[in-house]
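An overview of the molecular structure
Listed below are the residues making up each chain.
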Amino acid sequence: MADRKEIPDGAKWRFASQCAATLPALYDIAFREALREKYGPLEREIWMELARSVVTVAHDCSLPVRNAEETGKAVQAGLYVLFGPDLGAETIAFSDDRAVIVVKRCPFLVHSCTLATDCEHSFARCMALVLTAVPLLNKEFEGRFVRALCTGDRQCEIKIERKPPAKEKQNKTP
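Summarised in this report is the structure supplied together with it.

1. Description of the sheet that holds strand β2 (residues 98-105)
Spatial strand order, β1-β2-β4-β3: four strands in an open sheet with antiparallel pairing. Two strands lie at the open edges of the sheet, namely β1 (88-95) and β3 (141-147), each paired on one side alone. Put simply, the sheet's adjacent strands are angled 20 degrees from each other on average, direction ignored. With six bridges joining them, β3 and strand β4 (residues 156-162) adopt antiparallel strand pairing.

The structure is reproduced here in structure tokens:
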């Protein structure tokens, strides 16, 4: 057996991230039919919890999240670290309050389609992860999917925008 020190760090990361990106499709194959309507909500909770790992990556790497662009780049970096080099994405800023993450290559989609699972299930996973991660990184911002590769679009577009101001509750007197 080769000593693990002989395996380059980049190769270890690539194999580990490919495994992480493949697992959702494998779980889908193994459990979706057996659990039926219970599977989707359970899976969504797992991916919402996984969003905390994106926050951990951003925090541990000292990534700033002061505006929409930085928050988008932190999400992008977290996904890249967790799921590997098959992610092809960039974050484009329009202002401090608005940016878009553009994904042209998705590791989840690659593995879902390769394993012949329903690619649309990838969207529910990603949506739960990203839409939870954005406000965890910066509570002033929210994410919204505009386009998604797994639903047939040519790329994913995830808007990162400042949340609208909360409407003040009006006191109603009888």
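Picking up where we left off.
2. Comments concerning the pattern of salt bridges
Scanning the entire structure with this criterion turns up 11 salt bridges. Its salt-bridge partner being Lys73, residue Glu69 comes within 3.2 Å of it at the nearest N-O pair. Of this pair, Glu69 and Lys73 both sit in helix α3 (residues 68-83), four residues apart, which is roughly one turn of the helix. Overall, Glu69 belongs to the partly exposed group, its relative accessible area being 27%. A salt bridge links Arg147 to Glu157; the shortest N-O distance between them is 2.9 Å. Here Glu157 lies in strand β4 and Arg147 lies in strand β3, a separation of 10 residues in the sequence.

3. Considering a nonpolar patch on the surface
Together, Leu23, Leu26, Tyr27, Ile29, Phe31, Leu35 and Leu42 make up a nonpolar patch on the protein surface, roughly 620 Å² of accessible area in all. Among the elements that make up the nonpolar patch, the one with the highest residue count is helix α1 (residues 9-35) (six residues).

4. Focus: the pairing of β4
Looking at chain direction, β2 and β4 are connected through six bridges and run antiparallel. The partner of Val100 across the bridge, within β4, is Lys159.

5. Examining the packing of aromatic side chains
Aromatic rings considered in pairs are described by the distance between their centres and by the relative angle of their planes. A full pass over the atoms with the stated rule returns six aromatic pairs. Their ring planes at 90 degrees and their centres at 5.3 Å tell us that Trp47 and Phe108 sit as a pair that is edge-to-face. Note that Trp47 is positioned in helix α2 (residues 39-60) and Phe108 in helix α4 (residues 107-114), a separation of 61 residues in sequence. Take Trp47 and Phe108: they sit in the same class, and that class is buried. Measuring from centroid to centroid gives 4.6 Å for Phe83 and Phe108, while their planes differ by 65 degrees, and the two rings are edge-to-face. Taken together, the residues Phe83 in helix α3 and Phe108 in helix α4 connect sequence positions 25 residues apart. With respect to burial, Phe83 and Phe108 carry one shared label: buried.

The rules behind each value
- Residues numbered from 1 in each chain as written.
- Predicted model: local features only at pLDDT ≥ 70, side-chain atom pairs only at ≥ 80, totals over all residues.
- Heavy atoms only, no water.
- Pairing = 2+ DSSP bridges.
- Helix = DSSP H or I, 4+ residues; strand = E, 2+ residues; numbered from the N terminus.
- Axes fitted to C-alpha atoms, helices over the stretch in contact; angles between N-to-C directions.
- Salt bridge = Lys/Arg side-chain N within 4 Å of Asp/Glu carboxyl O.
- Buried < 20%, exposed > 50% of the residue type's maximum accessible area, 1.4 Å probe, protein only.
- Patch = residues over 30% accessible without salt bridge, like charges linked within 9 Å, V, L, I, M, F, W, Y side chains within 5 Å.
- Areas by Shrake-Rupley, 256 points an atom, 1.4 Å probe, with all protein chains shown as cover.
- Phe/Tyr/Trp six-rings, centres within 6.5 Å; stacked < 30°, edge-to-face > 60°.

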